[in-house]
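This is what each chain is made of:
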Amino acid sequence: MKQRLLSTLLLVLFSGCQTADNSGLASLESAKPLRVCAGENELPYSNREREGFENAIAEKLGEALNRPVEYVWWQDARFVVRNYLNAGKCDVIIGADPGDPRLATTEPYYRSGYVFVTRQGMAVQDWDDPVLQKAERIAFVPHSPAEVMLRKIGRYEDMFFYMNELVDFESRRNKYVRWDPARLVGDVASGKAQVAAMWGPSAARYIKQSRQPLEMHLVPDRQSDRKGEAVPHHYSVALGVRKDDEALRRALDEALAQKRKEIEAILKREGMPLLPPRTQTASH
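Scoring rules and cut-offs
- The numbering scheme is per chain: residues are counted from 1 as the chain's sequence reads.
- For this predicted model, a pLDDT threshold of at least 70 governs which residues receive local features, and a threshold of 80 or more governs which side-chain atom pairs are given and counted, while totals over whole chains, interfaces and linings are taken from all residues.
- The basis for every side-chain value is the complete set of heavy atoms in the structure, and neither hydrogens nor water enter the calculation.
- Salt bridges, as used here, are contacts in which a Lys or Arg side-chain nitrogen is within 4 Å of a carboxyl oxygen on Asp or Glu.
- Secondary structure counts use DSSP, requiring at least four H or I residues in a row for a helix and at least two E residues in a row for a strand, with both numbered from the N terminus.
- Throughout, exposure labels follow a simple rule: accessible area from a 1.4 Å probe, protein chains only, divided by the maximum for the residue type, with under 20% read as buried, over 50% as exposed, and the rest as partly exposed.
- What makes two residues a contact is simply this: any of their non-hydrogen atoms within 4.5 Å.
- Interaxial angles span 0 to 180 degrees and are taken between N-to-C directions of axes, which are lines fitted to C-alpha atoms, for helices over the stretch in contact.
- Each angle gets one of four labels, with under 35 degrees taken as roughly parallel, over 145 as roughly antiparallel, 65 to 115 as roughly perpendicular, and the rest as oblique.
- For this classification, the nonpolar set comprises Ala, Val, Leu, Ile, Met, Phe, Trp, Tyr, Cys and Pro, the charged set comprises Asp, Glu, Lys and Arg, and every other residue, Gly included, is treated as polar.
- When two cysteine sulfur atoms lie within 2.5 Å, the pair is treated as a disulfide.
- Space inside and on the surface of the protein is sampled on a 1 Å grid over the protein atoms alone, with a cavity defined as a set of points where a 1.4 Å probe fits but cannot get out and a pocket as an open set with protein on both sides within 12 Å along at least 5 of 7 lines; lining residues have an atom within 4 Å of a point.
- Grid points are joined across faces, edges and corners, and a volume is the space filled by probe spheres set on the points.
- Among the buried residues, those of types Ala, Val, Leu, Ile, Met, Phe, Trp, Tyr and Cys that are joined through side-chain atoms within 4.5 Å form a nonpolar core.
- Summarising the geometry, the arc corresponds to the directions from the helix axis toward the C-beta atoms.

Colleague: Help me understand the pattern of salt bridges in this model?
Modeller: Two side chains bearing opposite charge may form a pair once their charged atoms approach each other closely. What the rule picks out here adds up to 23 salt bridges. Of the charged contacts, one joins aspartate 253 and arginine 249 as a salt bridge, the two residues approaching to 2.8 Å between their closest N and O atoms. Within this pair, aspartate 253 and its partner arginine 249 are both found in helix 10 (residues 246-258), separated by four residues, close to a single helical turn. The class of arginine 249 is buried, set by a relative accessible area of 18%. Residues joined in a network through salt bridges with shared partners are Lys60, Glu63, Lys259 and Glu262.

Colleague: Teacher, can you tell me more about the environment of glycine 39 here?
Modeller: Inspection of the secondary structure assignment puts glycine 39 in strand 1 (residues 34-39). Overall, glycine 39 belongs to the buried group, its relative accessible area being 1%. As a C-alpha pair, glycine 39 and tryptophan 74 span 35 residues in sequence and 5.0 Å in three-dimensional space. Residues within four places of glycine 39 in sequence aside, it is in contact with Ser46, Asn47, Trp73 and Trp74.

Colleague: What should I look at first to understand the packing of helix 3 (residues 53-65) against helix 10 in this one?
Modeller: For any two helices packed against each other, the geometry comes down to the angle between their axes and how far apart the axes lie. It is the contact of helix 3 with helix 10, at a shortest axis distance of 9 Å, that shows an interaxial angle of 105 degrees. What the angle tells us is that helix 3 and helix 10 run roughly perpendicular. Touching Leu61, Ala64 and Leu65 of helix 3 are Ala251, Leu252, Ala255, Leu256 and Gln258, all from helix 10. Of the residues assigned to the contact of helix 3 with helix 10, the class counts are seven nonpolar, one polar and no charged.

Colleague: Mind showing me how you'd approach the state of the cysteines here?
Modeller: Covalently bonding the sulfur atom of one cysteine to the sulfur atom of another cysteine gives a disulfide. All told, the structure shown has one disulfide when counted by the stated rule. A disulfide bridge connects cysteine 37 with cysteine 90, and the sulfur atoms are separated by 2.0 Å. Taking the sign of the S-S torsion, about 95 degrees here, the bridge from cysteine 37 to cysteine 90 comes out right-handed. Taken together, the residues span a long stretch of sequence, with cysteine 37 in strand 1 and cysteine 90 in the loop between helix 4 (80-85) and strand 5 (92-96) at a distance of 53 residues. For cysteine 90, a relative accessible area of 0% corresponds to the buried category.

Colleague: Sorry, what's going on with the packing of helix 3 against helix 11 (residues 260-270) here?
Modeller: Between helix 3 and helix 11, the shortest axis-to-axis distance is 10 Å and the interhelical angle comes to 170 degrees. Viewed along their axes, helix 3 and helix 11 adopt a mutual orientation that is roughly antiparallel. Residues Phe53, Ala56, Ile57, Lys60, Leu61 and Glu63 of helix 3 lie in contact with helix 11, whose contacting residues are Glu262, Ile263, Ile266, Leu267 and Glu270. Partitioning the contact of helix 3 with helix 11 into residue classes produces seven nonpolar, no polar and four charged.

Colleague: How should I be thinking about the layout of surface pockets in this particular structure?
Modeller: Space inside the largest pocket adds up to approximately 1600 Å³. Lining the largest pocket are 43 residues, and of these Glu42, Tyr45, Ala77, Gly95 and Tyr176 sit closest to its centre. Elements with a contribution of two residues or more to the lining of the largest pocket: strand 1, helix 4, strand 5, strand 7 (110-119), helix 8 (181-190), strand 9 (195-199) and strand 11 (234-241). Considering every element that reaches the lining of the largest pocket, the biggest residue donor is strand 5, with four residues. Considered class by class, the residues forming the lining of the largest pocket number 27 nonpolar, seven polar and nine charged.

Colleague: In this structure, what is going on with the nonpolar core? I would like to understand it.
Modeller: Nonpolar side chains in soluble globular proteins tend to be buried together. Core analysis: the largest hydrophobic core is formed by 69 residues, its most contacted members being Val36, Ile57, Leu61, Tyr109, Val117 and Trp127. Looking at this core element by element, the count peaks at six residues for helix 3. Dropping the residues within four chain positions of it, valine 36 is found in contact with Ala58, Val69, Glu70, Tyr71, Val72, Cys90, Val92 and Ile94. Counting residues in hydrophobic clusters, the runner-up holds eleven residues, among them Val80, Val81, Tyr84 and Leu103.

Colleague: What is the right way to read helix 11 from this model?
Modeller: Helical geometry note: an α-helix holds 3.6 residues per turn, so side chains three or four residues apart project in the same direction. Those residues of helix 11 that sit buried are Ile263, Ile266, Leu267 and Glu270. The arc that holds the buried residues of helix 11, viewed along the axis, is 95 degrees, so those residues lie on one side. Seen from the open side of helix 11, the exposed residues pointing more than 90 degrees away from its buried face are Lys261, Lys268 and Arg269. Taken together, the buried residues of helix 11 touch helix 3, strand 7, helix 9 (200-209) and helix 10. Trailing helix 11 by a residue or two, glycine 271 shows a phi angle of about 90 degrees, which is positive.

In structure tokens, the structure reads:
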């Protein structure tokens, strides 16, 4: 691996001498690795084998910036900004909320939403669907819009035991516990759960891979909780850097524009539901 990175570094240095210009991308130190903060076991987003769609996007950004990609792997999603990005161990987070106050964020590079996943022929379109009242098990991730809506329709307590079963009853006290999207989709495929309500980009890969035909339907973005307050189901996704790293943020915006079609191809190949993009000021 070290040899491969060294070879790439030398190639980039040589290429940079020949093609230097006055663009924003070239103004950065082209040979300096782009250090990407990434989960080592967070598929479908990323893993050490670089099989995630965010791994593929990182490589496109590295190409546009003329910088080799170097991953800095994290194991605990709760402290990525504090312990990795702001500690200077890495430079960019590939999946960030636009406008996150802890970060300087780029323009969004895709927009998607929460979905209902069912076996083929049992399409669930919205939270008032009678299927959700009859379902024995509904797979979901806690602290998500799905939890809020299950509370509203009176099914959260019914699903509490199953929600914890999905992580083998691991306690979240002082520990990062990951709800594996492959397991949520797999339970629908096997018939153990009748519905999964989850973030579409996390589900898409496993729906495509399932031998059991499955359906995925985007939840309409018109939901409210029991108090009548809005519960957004559609979100934009951007890149995040340190708040004082404005040069890299601008360069990444240029890189996203340069590689837009290739990044869209990665997302479509993943099979995720995509919505029309919004600018950062209009995104939530």
